[in-house]
Amino acid sequence: EADIEKKLPLYGKSILITAGPTYEAIDPVRFIGNHSSGKMGFDIANRAAELGAKVYLVSGPTHCKPLYSSISVFPVVSAKEMYAKCHELYDQVDVAIAAAAVADYRPKMVAEQKIKKAAENFVIELEKTQDILASLGTSKQHQFLIGFALETENEIENAKIKIQKKNLDLIVLNSLKDEGAGFGKSTNKITFIDKNFTVEPMDLKSKTAVAIDIIDKVCEHFK
Ligand code: CTP
Ligand code: CA
């Protein structure tokens, strides 16, 4: 390894990042999913790698590709698979960042065969998935734990509740109010809130620039 790499701020640190949507199967050909592109998580992974970190990127279905060989991608499909892979990796990392848009509910029963159309109305019963981030909060030891919050009302208050409920060190509140922010867009309007409830609103900027801000917070933690 080049000596220059050892001078990078995150050299020797390892970071677990979740990214993308999860797909929850209904039958062999159908699923419940969401519009997450995975871009936010991959941008964070790329920035962490640029600053010298070893990155474990657990990602739901996405077209994104990592830019560096120090990023190991673990592709998963469902919330259950993402949960298992995250817990397998968690003990060995210094930081975990949950950027995935994990499904909150999945079909209670998965049909073994393709469901045929018949009745006029069709109801799918759903059950809660595991909250991956909350479970990482519960089993937290030395890790610096960062979560996201997507809110459309009482944003700050709801984000603070998430910090406490999930035992987070920092939350990245995503505002959907702002035009140009959110799913499918290349820009985000975020507010950082730390575990002491210090609120720091940021300007509307590209997801790549938001990723830089998030990894700056990680660097500050290790200073
Ligand atoms: N998250 C997770 N596992 C889940 C649901 C959410 O790890 N099953 C993580 C997301 O990756 C994100 C954070 O929890 O970092 C907050 O997600 P969000 O959807 O805003 O909050 P929820 O806790 O799911 O609550 P709600 O959707 O009701 O606001
Ligand atoms: Ca949710």
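The model shown is predicted, which means the values in this text are computed figures rather than measured ones.

Thoughts on the UniProt feature "binding site: CTP" (unreviewed entry) in the chain
Item 1. In the numbering adopted here, UniProt assigns the feature "binding site: CTP" (unreviewed entry) to Asp-104, Lys-114, Phe-148, Lys-162 and Lys-166. A maximum C-alpha distance of 37.9 Å is found for the annotated residues, which run over 63 residues; spatially they are spread out rather than grouped.
Item 2. Secondary-structure assignment places Lys-162 in helix 5 (residues 155-165).
Item 3. Not counting residues up to four positions away in its chain, the partners in contact with Lys-162 are Gly-147, Ala-149 and Ile-171.
Item 4. Relative to the helices and strands, Lys-166 resides in the loop between helix 5 and strand 10 (170-175).
Item 5. Among the residues examined, Lys-166 registers 21 C-beta atoms within 10 Å and is labelled buried.
Item 6. Not counting the four nearest positions on each side in its chain, Lys-166 is found in contact with Leu-133, Ala-134, Gly-137 and Gly-147.

Quick word on the confidence of the model for the chain
Item 1. Mean pLDDT for the chain: 95, with 96% of residues reaching 70 or above.
Item 2. Model confidence for the complex is summarised by a pTM of 0.96, with the ipTM given as 0.99.

About the thresholds
- Residues numbered from 1 in each chain as written.
- Chains lettered and ligands numbered in written order.
- Predicted model: local features only at pLDDT ≥ 70, side-chain atom pairs only at ≥ 80, totals over all residues.
- UniProt positions renumbered as here; feature names shortened; annotations may be inferred.
- Helix = DSSP H or I, 4+ residues; strand = E, 2+ residues; numbered from the N terminus.
- Contact = placed C-beta atoms within 7 Å.
- Buried ≥ 20, exposed ≤ 12 C-beta atoms within 10 Å, placed from the backbone.
- pLDDT = per-residue confidence, 0-100.

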